[in-house]
Amino acid sequence: MSIVDFFRAVGRRWYVLVAGILLTAVAGLLALQTNGVYTARTAVTLMAPVGWAGGGNTLNDSATSLVGFAKIVEETMSDGKGGQLFAAPGTRLYGAGVREAELVFVPNYGGQWAPNFNQPAIVIDVVGPTAVGVQERVIALTEEIGATAEALQDKMGVTEDQRVTWIASPATPVVEYVGINRMRALAGIAVMGGGLSLFATAVADKLLNRRQLRRARASVAASASLRPAAPSALCVCRVRLYR
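This structure is a prediction, so every number in the text was calculated from the model and none was measured. (Residues numbered from 1 in each chain as written. Predicted model: local features only at pLDDT ≥ 70, side-chain atom pairs only at ≥ 80, totals over all residues. Heavy atoms only, no water.)

1. Let's talk about helix 4 (residues 66–78)
Argument step 1. With 13 residues, helix 4 extends 18 Å between its outermost C-alpha atoms, agreeing within 8% with the 18 Å of an ideal straight helix rising 1.5 Å per residue.
Argument step 2. Where helix 4 terminates, the next one or two residues include D79, which has phi positive at roughly 60°. (Helix = DSSP H or I, 4+ residues; strand = E, 2+ residues; numbered from the N terminus. Expected span 1.5 Å × (residues − 1).)

Structure (structure tokens):
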């Protein structure tokens with residue numbers, strides 16, 4: 001389709017273009033009314049007790065390391081359905097466009113085929129619409145990690161002097177507000193909406209032209225089938241002889 005044909009199509013199907021522009025305007029208005037989100041991240045680090053140096057730790061025999069125990073805590077809290085959501089452990093939920101969610105995971109610094117869990121830490125990442133809600137949820141998850149670690153060690157029969165402890169960093173969740181760049185959002189919506197509107201106009205014109213062409217052909221075929229056949233030469237001769 002040439003540029004001239006394209007503009008002709010836009011002229012014929014202008015109503016499709018207008019509908020697309022209206023939808024784009026509605027999307028822009030919604031973007032202007034969208035607020036930012038609040039987010040906080042905390043790392044709960046597991047600490048080995050001094051008694052581990054003497055050996056004979058039931059926990060050490062089971063999990064082999066603090067990192068292994070951290071993974072057990074993570075899987076226990078998430079019922080085996082959690083874990084790192086993104087390829088890079090530093091990726092934040094709000095950066096992926098999530099507006100309300102939480103994530104608890106042991107950071108994996110390796111890849112899909114060669115995981116590398118080298119830190120005995122459990123990361124908590126929370127995003128939500130209110131600062132108070134985000135802070136309360138981070139505190140609750142931090143306490144849940146501690147309670148889960150204690151319950152697992154109770155089940156393993158770990159003595160008090162051999163127990164793993166934990167520390168949260170930061171101790172008090174720091175909640176941040178992440179705003180939305182409205183001008184960038186409007187520019188993106190305008191470009192995408194305008195492009196899709198023009199594309200839809202061209203496609204609609206092509207489909208409607210094909211439909212009209214099929215109707216015209218069907219009408220011609222129907223007219224041809226209803227037209228009376230011309231008399232044959234033999235019939236004409238017979239009429240003349242009888243005269």
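2. Here's the deal with the packing of aromatic side chains
For any two aromatic rings, the description comes down to two numbers: the centre-to-centre distance and the angle of the planes.
Argument step 1. Tallying each qualifying case throughout the model produces two aromatic pairs.
Argument step 2. Look at W14 and Y15: their rings are 5.9 Å apart centre to centre, the planes differ by 80°, and that puts the pair in the edge-to-face class.
Argument step 3. Y15 gets classed as partly exposed once you look at its relative accessible area, which sits at 39%. (Phe/Tyr/Trp six-rings, centres within 6.5 Å; stacked < 30°, edge-to-face > 60°. Buried < 20%, exposed > 50% of the residue type's maximum accessible area, 1.4 Å probe, protein only.)

3. Focus: a nonpolar patch on the surface
Argument step 1. A grouping of W14, Y15, V18 and L22 is seen on the molecular surface, where their side chains present a nonpolar patch of about 430 Å² in accessible area.
Argument step 2. Looking at the secondary structure, you find Y15 in helix 2 (residues 14–33). (Patch = residues over 30% accessible without salt bridge, like charges linked within 9 Å, V, L, I, M, F, W, Y side chains within 5 Å. Areas by Shrake-Rupley, 256 points an atom, 1.4 Å probe, with all protein chains shown as cover. Salt bridge = Lys/Arg side-chain N within 4 Å of Asp/Glu carboxyl O.)

4. Brief notes about the nonpolar core
Argument step 1. Core analysis: the largest hydrophobic core is formed by 21 residues, its most contacted members being F69, V73, V104, I122, I124 and I145.
Argument step 2. Secondary-structure elements contributing two or more residues to this core are strand 1 (37–47), helix 4, strand 3 (121–128) and helix 5 (131–156).
Argument step 3. The greatest single-element share of this core, amounting to six residues, is contributed by helix 5.
Argument step 4. Not counting residues within four places of it along the chain, the set of residues in contact with V104 comprises E74, M77, G83, I122, V123, I124, L141 and I145. (Core = buried A, V, L, I, M, F, W, Y, C linked by side-chain atoms within 4.5 Å. Contact = heavy atoms within 4.5 Å.)

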